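# Chain and residue survey
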Amino acid sequence: MPAHRRQFISQALRLSGATAIGAKCLRAEGFEAEPEKSEGLIVRSRRPLDLETPLDRLDSEFTPNPWFFVRSHFGVPAVNVQGWSLTFDGLFESGASFKIPELLSRFQRYERPAVLMCAGNGRGLMKPIVPGLPWEHGAVGQAMWSGVRLKDVIKAIGLRPEARHLIFDAADPTASTLTPSFTRSLPLERLLQADVLLADRMNGEPLPILHGGPLRLIVPTWTGNHWAKWIKRITASAEESPSDFQRKSYKMPTLALPPAIAPTPDQLKSVTTLNVKSQVTRPMAGQKLAAAAGGSLTIRGSAWTGAGLVTRVELRTSTNPDWQPAKILTKTPIEGAWIRWEFTMGDLRPGDHFVEVKALDSHGQTQPAEAFWNRSGYLYNAIERVPFQITVV
Ligand SMILES: Nc1nc2c(c(=O)[nH]1)N[C@H]1C(S)=C(S)[C@@H](COP(=O)(O)O)O[C@H]1N2
Ligand SMILES: [Mo]
């Protein structure tokens, strides 16, 4: 039995009453049981359901499904896996439709670890503060994703030469027919790469409904908003999706602007790849730890980036003001996956201490002392200081 209490769908969800539809489906024949979510998740919003992973639960290579953050713009759709079909239309050679088992048996299965991070992770740390969900450190997680390669499916159906984008229509119910649904598109250039999956499994389990089951898009190295959940239809198009979620949301200024100045449309570009970032997953800020006088402490954490690989992780501590290299624990770093690292802080005296960490990647990117401020609060990656206390054993 795990230390934490698990239960069917988080209490948060039940309290919100947001799942009246979902709850009914639980009892209906052929509908999948709702996924387990830990009560220990930080509730950022009940309706829609937005849950953040506490930082200490990110102290491992893979983030367990019950602890994985959830970001939904609307409700959770009623999911009947047997009846689910995925339709392809628009600028394909021909239309096509697959039932899930058909899709999965027809194409080869692949799996890969990848970091899923919301573009707004760290928004709550932006200064001056910005509107939006105030995520701190846990709108991120890593899972082993498994499914079929989107490019294999596209190849089998055939694309017309004019096609440039694929538009993903999802099944989440919106508040009313007037509310636009979470429709996003991605350029084919990106989608035809071998790392893009239509995934039906997460960490060796069927993809939980809250995470987009039965089928979601996996786009390693790109921010979470591209990872469409509950995919029902894929339309090939010459243009990107006309939806506001595509044309208006997830834009960031290309230059630093003072908070009072709104960027003009030509100063905005779509957020695509993750930026380089690291975090300490042991100890936690404010934690009291016992050590023998002159003893040592193992600091641990993760680091990831968008394009390329993390090549170095460095720490600066209360006992040494120089940046020193951490030991990278991950044997074979994979693009889009995080690495785990550790660092031994020695000769510890009782009292107040701190560590600061920064990652560097193969494209020469590193973390800034201050985050790039933008009013949407995207891609916060400033070097953070983690204060803690040593008490004598
Ligand atoms: N259909 C649909 N897909 C979606 C979303 C959504 O609201 N609806 N949210 C997106 C955003 S902004 C993020 S960060 C990720 C979150 O995935 P998770 O809930 O599995 O953590 O899903 C993305 N895919
Ligand atoms: Mo997101």
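Computed from a prediction, not measured in an experiment: that's the story for all the values here.

Thresholds, definitions, all that
- Residues numbered from 1 in each chain as written.
- Chains lettered and ligands numbered in written order.
- Predicted model: local features only at pLDDT ≥ 70, side-chain atom pairs only at ≥ 80, totals over all residues.
- Heavy atoms only, no water.
- Helix = DSSP H or I, 4+ residues; strand = E, 2+ residues; numbered from the N terminus.
- Rg over C-alpha atoms; globule rule 2.2 N^0.38 Å.
- Buried < 20%, exposed > 50% of the residue type's maximum accessible area, 1.4 Å probe, protein only.
- Contact = heavy atoms within 4.5 Å.
- Areas by Shrake-Rupley, 256 points an atom, 1.4 Å probe, with all protein chains shown as cover.
- Lys, Arg positive; Asp, Glu negative; His and termini not counted.
- Charge placed at Lys NZ, Arg CZ, Asp CG, Glu CD.
- pLDDT = per-residue confidence, 0-100.
- Domains from an automatic or database assignment.
- Buried area = accessible area lost by both parts, 1.4 Å probe.
- Salt bridge = Lys/Arg side-chain N within 4 Å of Asp/Glu carboxyl O.
- Pairing = 2+ DSSP bridges.
- Axes fitted to C-alpha atoms, helices over the stretch in contact; angles between N-to-C directions.
- Core = buried A, V, L, I, M, F, W, Y, C linked by side-chain atoms within 4.5 Å.
- Arc of directions from axis to C-beta.

## Considering the overall build of the protein chain
Helices and strands together make up the secondary structure of the protein chain, namely six helices and 26 strands. The C-alpha atoms of the protein chain give 22 Å as radius of gyration, which agrees with the globular expectation for 393 residues (21 Å, within 12%). With the C-alpha coordinates aligned to their principal axes, the bounding extent of the protein chain is approximately 70 × 50 × 45 Å. Across the 393 residues of the protein chain, 51% fall into the buried class. Partitioning the intrachain contacts of the protein chain with sequence separation of at least 6 by distance along the chain shows that 72% fall at a separation of at least 24. As displayed, the protein chain has an accessible area near 17,500 Å², and 53% of this comes from carbon and sulfur atoms. Of the charged side chains in the protein chain, 46 are positive and 37 negative, and the gap between their average positions amounts to 2 Å.

## Regarding the confidence of the model for the protein chain
Considering every residue of the protein chain, the mean pLDDT works out to 91; 91% of them sit at 70 or more. Residue range residues 1-34 is modelled with pLDDT below 50. Its contacts to residues more than four positions away, or to other chains, number 57 contacts.

## Description of the domain arrangement of the protein chain
According to the domain assignment, the protein chain consists of domain 1 (3-249) and domain 2 (277-390). Taking the mean C-alpha position of each, domain 1 and domain 2 sit 29 Å from one another. With 30 residues of domain 1 in contact, the opposing surface of domain 2 contributes 27 residues. Three residues, Asp59, Met126 and Thr221, lead the burial of domain 1 against domain 2; their summed loss comes to 24% of the area buried on that side. Counting across the interface, domain 1 meets domain 2 through two salt bridges.

## Some remarks on the sheet that holds strand S19 (residues 288-291)
Pairing within the open sheet is mixed, and its five strands lie in the order S19-S26-S25-S21-S22. In the strand order of this sheet, the two ends are held by S19 and strand S22 (320-325), each with one partner. Between one strand axis and the next, the sheet turns through 30° on average, direction left out of account. Across seven bridges, the pairing between strand S25 (residues 351-361) and strand S26 (residues 384-392) is antiparallel. Paired with Val355 across the two strands is Val386, which belongs to S26.

## Some remarks on the pattern of salt bridges
Per the stated rule, a full pass over the model turns up 14 salt bridges. For Arg71, the salt bridge is made with Asp50, and the minimal N-O distance between the two is 3.1 Å. Note that Arg71 is positioned in strand S5 (residues 70-71) and Asp50 in strand S4 (residues 50-52), a separation of 21 residues in sequence. For Arg71, a relative accessible area of 25% translates into the label partly exposed.

## So, the nonpolar core
Across soluble globular proteins, nonpolar side chains have a tendency to be buried as a group. One finds Trp145, Leu150, Leu166, Phe168, Leu198, Leu217 and Ile234 to be the most contacted residues of the largest nonpolar core, which totals 51 residues. Beyond its immediate stretch of four places on either side in the chain, Leu150 contacts Leu166, Phe168, Leu191, Val196, Leu197, Leu198, Leu217 and Ile234. Of all hydrophobic cores here, the second largest spans 22 residues; its members include Ala303, Ala326, Ala359 and Val386.

## A short note on helix H4 (residues 150-157)
Restricting attention to buried positions, one finds in H4 the residues Leu150, Val153, Ile154 and Ile157. For H4, the angular spread of buried residues about the axis comes to 100°, placing them on one side. Positive phi shows up at Gly158, right after H4, with a value of about 90°.

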